[in-house]
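Observations on the three-dimensional arrangement
Residues per chain, in single letters:
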Amino acid sequence: MNFRVILLVLVVIIFTLGCILVSNTYFESTSLKDTYNQGDVEIIQNTAAGTIPHVVLVKNSGKKPIMIETGQILESNTSQDLVIAEDKKVNQNSSSFIRAYCFQPNQTATPGAKLKPTDKASAEIQKIIKSTNLTDNQNTTQSQLQIWIMVSKNNLNINTGEAAIFIEKQGNNTDEISKKLQTAKNSIIKSLNITEGDLKNLNSSSNLGYNDILNLLNEFVNWIKYSFNIN
């Protein structure tokens, strides 16, 4: 069989399997963002400023379960922006508490405030979150510091917002917090295999969605056809 035909068949198989996987997920449940846009979900800040990790209450009044995904950014005009720290399924007509990290260190969380899902955090931040043991206070604290360092592009101001309140609650002095920040920074550099200078160039969010992925796959298939003159 012609190599070009084999290659095209492989691409089509991979594309089809990907579509089946995504379709099954969407038929069984919907994403938090889609459900929010349909007006079937409410997301409420549940914890006070300085908490690590924060907790939000997700109320699903829709007809399908919601798949909560790690890395989903939640924004608020009156409270702290957050990034979800765990994968969880919220069934229809039910509520669930979801853990999340502070995403903007200069903001302050307000219990009772409403949040809305927007983009996804960058792959680098998602990697940090997914490597965290959410039951280990020391581990979650380091992950929070790492997120702050990455979001601030290594220019974290510890005297404002969530960062300042957290330090006050912990009773840390300047030397202690400096050591923790340096440890967190070294961990980022080692985990991502980057230099300290690279921290300034890291993106904090990614808006690549389902439709974007499908478009990229279609473009790739068309590129294969064009490159190998396959009709």
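Look a little higher up for the structure.
Residues numbered from 1 in each chain as written. Predicted model: local features only at pLDDT ≥ 70, side-chain atom pairs only at ≥ 80, totals over all residues. Heavy atoms only, no water.

1. Details of the environment of D119
On the secondary structure map, D119 appears in strand β9 (residues 114-121). For the pair D119 and S205, spaced 86 residues apart in the sequence, the C-alpha separation amounts to 6.6 Å. (Helix = DSSP H or I, 4+ residues; strand = E, 2+ residues; numbered from the N terminus.)

2. Side note on the pairing of strand β3 (residues 54-60)
Buried residues dominate β3, accounting for six of its seven residues. Strand direction decides the pairing type here: strand β2 (residues 41-45) and β3, joined by five bridges, are antiparallel. Residue pairing for β3: Q45 is matched across the bridge by V56. Sheet topology places β3 next to strand β8 (residues 94-102); seven bridges connect them, and they run antiparallel. (Buried < 20%, exposed > 50% of the residue type's maximum accessible area, 1.4 Å probe, protein only. Pairing = 2+ DSSP bridges.)

3. Here we look at the pattern of salt bridges
Applying the stated rule across the entire model yields four salt bridges. In this structure, the salt-bridge partner of E42 is K114, at a minimum N-O distance of 2.7 Å. With a gap of 72 residues between them, E42 in strand β2 and K114 in strand β9 connect regions that are remote in the sequence. Residue class for K114 comes out partly exposed when judged on its relative accessible area of 48%. E196 is paired through a salt bridge with K185; the nearest N and O atoms lie 3.5 Å apart. Taken together, the positions of E196 in the loop between α6 (174-192) and β10 (205-206) and K185 in helix α6 put the pair 11 residues apart, joining distant regions of the chain. (Salt bridge = Lys/Arg side-chain N within 4 Å of Asp/Glu carboxyl O.)

4. With respect to the nonpolar core
Membership of the largest hydrophobic core comes to 29 residues, with the highest contact counts inside it found for Y101, F103, I125 and I147. Elements that contribute at least two residues to this core include exactly β8, α3 (123-130), α4 (137-151), α5 (161-170) and α6. Per-element accounting of this core gives the leading share, six residues, to α4. Residues in contact with I125, not counting those within four places in the same chain, are F103, I147, M150, V151 and S204. (Core = buried A, V, L, I, M, F, W, Y, C linked by side-chain atoms within 4.5 Å. Contact = heavy atoms within 4.5 Å.)

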